[in-house]
Every structure is written in C-alpha cells, then in structure tokens.
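For reference, the chains in residue letters:
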Amino acid sequence: VGGSATGTISADNEATWCDIFPNVKPDVYKEKVVPIFKRIAKDLAGDVPLKVINDGEVTALAAVQAIKKGNVMGISMGSSEGAGYANEDGNLMGWISELCYVKLDLNPK
C-alpha cells in the first residue's frame, strides 16, 4: 500500500507531524494519529508492505515520471502548500520540504 500525506512522515510510516490535526491533544495525537497509516493499511489490506511519504515528495516523483528528467520541484496544494525535490537522478533527497510556513517577500524593493 502506498500513500501520501501532508506534514512529516517518518521512515517507519508514522505521522510525526501532520497539520491536518491541529486540535488533537498531544497524548491523543501520539496514540491515534502517529500510527494512523499503519492502522489504515492493516484495516484495508491486512499485513502488506506499506510506504507513505510527504505529498510534496509524491508530486516531485510524479513530475520525474511524467517528464523523464530530474532536478524538479513538485508543489502540492492541500491543507497547506507542500513541496518535494527530486535530484538529477530523480531521487528524493530526504529533506523536510514543507513550503506551508515559508515566508515569501515579492516586494522588489
């Protein structure tokens, strides 16, 4: 099972930080949200391999497949703005690349 989500997803498919749950208390977040992807996969498909990555990273990989080139930034629009970068070889760099809180100053002065 493969999936994508906003926020920071651990190498073990855990939602370590996910901004779509802003009002969930920390103890409930740790119990219910952190393992949410594992629970969904198991409920839907049983004991199968699972890989969840950030939605912006999925967008970057989709761009690599679509244009058959690397050095691309994928931008996803959802609960916030996410981004992912794939290098020249089309591989993800492993960076946390959320753009949702980046401040942009477009003032030319």
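For the structure, check the block above.
Residues numbered from 1 in each chain as written. Predicted model: local features only at pLDDT ≥ 70, side-chain atom pairs only at ≥ 80, totals over all residues. Heavy atoms only, no water.

A. Inspection of the overall build of the chain at higher detail. Across its full length, the chain carries 3 helices and 6 strands. Written out in order from the N terminus, the α and β elements of the chain read β-β-β-α-α-β-α-β-β. Considered along the principal axes of its C-alpha atoms, the chain spans approximately 50 × 35 × 20 Å. Here the chain, with 109 residues, has 33% of them falling under the buried criterion. On the chain, roughly 7,500 Å² of surface is accessible, and the fraction owed to carbon and sulfur atoms is 57%. In the chain, 11 positive and 14 negative side-chain charges are present, and the distance between their average locations comes to 2 Å. (Helix = DSSP H or I, 4+ residues; strand = E, 2+ residues; numbered from the N terminus. Buried < 20%, exposed > 50% of the residue type's maximum accessible area, 1.4 Å probe, protein only. Areas by Shrake-Rupley, 256 points an atom, 1.4 Å probe, with all protein chains shown as cover. Lys, Arg positive; Asp, Glu negative; His and termini not counted. Charge placed at Lys NZ, Arg CZ, Asp CG, Glu CD.)

B. Region of the structure containing the environment of Glu88. When you line up the elements, Glu88 lands in the segment after strand S6 (81-86). As a C-alpha pair, Glu88 and Ile9 span 79 residues in sequence and 23 Å in three-dimensional space.

C. Expanded view of the pattern of salt bridges. Under the definition given, this model contains 3 salt bridges. In this structure, Glu31 and Lys32 form a salt bridge, with 3.9 Å as the shortest nitrogen-oxygen distance. (Salt bridge = Lys/Arg side-chain N within 4 Å of Asp/Glu carboxyl O.)

D. Representation of the side chain of Asn87 within the structure. Inspection of the secondary structure assignment puts Asn87 in the segment after S6. Beyond its immediate sequence surroundings of up to four residues, Asn87 is in contact with Gly70, Asn71 and Met93. (Contact = heavy atoms within 4.5 Å.)

E. The arrangement of the side chain of Asn13 in detail. Counting through the fold element by element, Asn13 comes out in the loop between strand S2 (8-9) and strand S3 (15-17). Given the relative accessible area of 8%, Asn13 is considered buried. A polar atom in the side chain of Asn13 sits 2.8 Å from the backbone nitrogen of Val52. Not counting the four nearest positions on each side in its chain, Asn13 is found in contact with Val34, Phe37, Lys38, Leu50, Lys51 and Val52. (Polar contact = N/O pair within 3.5 Å; in protein donor to acceptor, adjacent residues only side chain to side chain.)

F. Region of the structure containing the nonpolar core. In this structure, Ala5, Ile9, Ala15, Cys18, Tyr29, Val33, Val34, Ile36, Phe37 and Val52 together form the largest nonpolar core, which totals 10 residues. Looking at this core, the elements with two or more residues in it are helix H1 (26-33) and helix H2 (36-45). The residues contacting Tyr29, other than those within four sequence positions of it, are Ala15, Thr16, Trp17, Cys18, Phe21, Val24 and Val34. (Core = buried A, V, L, I, M, F, W, Y, C linked by side-chain atoms within 4.5 Å.)

G. How the structure looks around a nonpolar patch on the surface. A cluster of nonpolar side chains, Met73, Ile75 and Met77, forms an exposed patch at the surface whose accessible area comes to about 340 Å². Topologically, Ile75 is positioned in strand S5 (residues 72-77). Overall, the relative accessible area of 41% leaves Ile75 in the partly exposed class. (Patch = residues over 30% accessible without salt bridge, like charges linked within 9 Å, V, L, I, M, F, W, Y side chains within 5 Å.)

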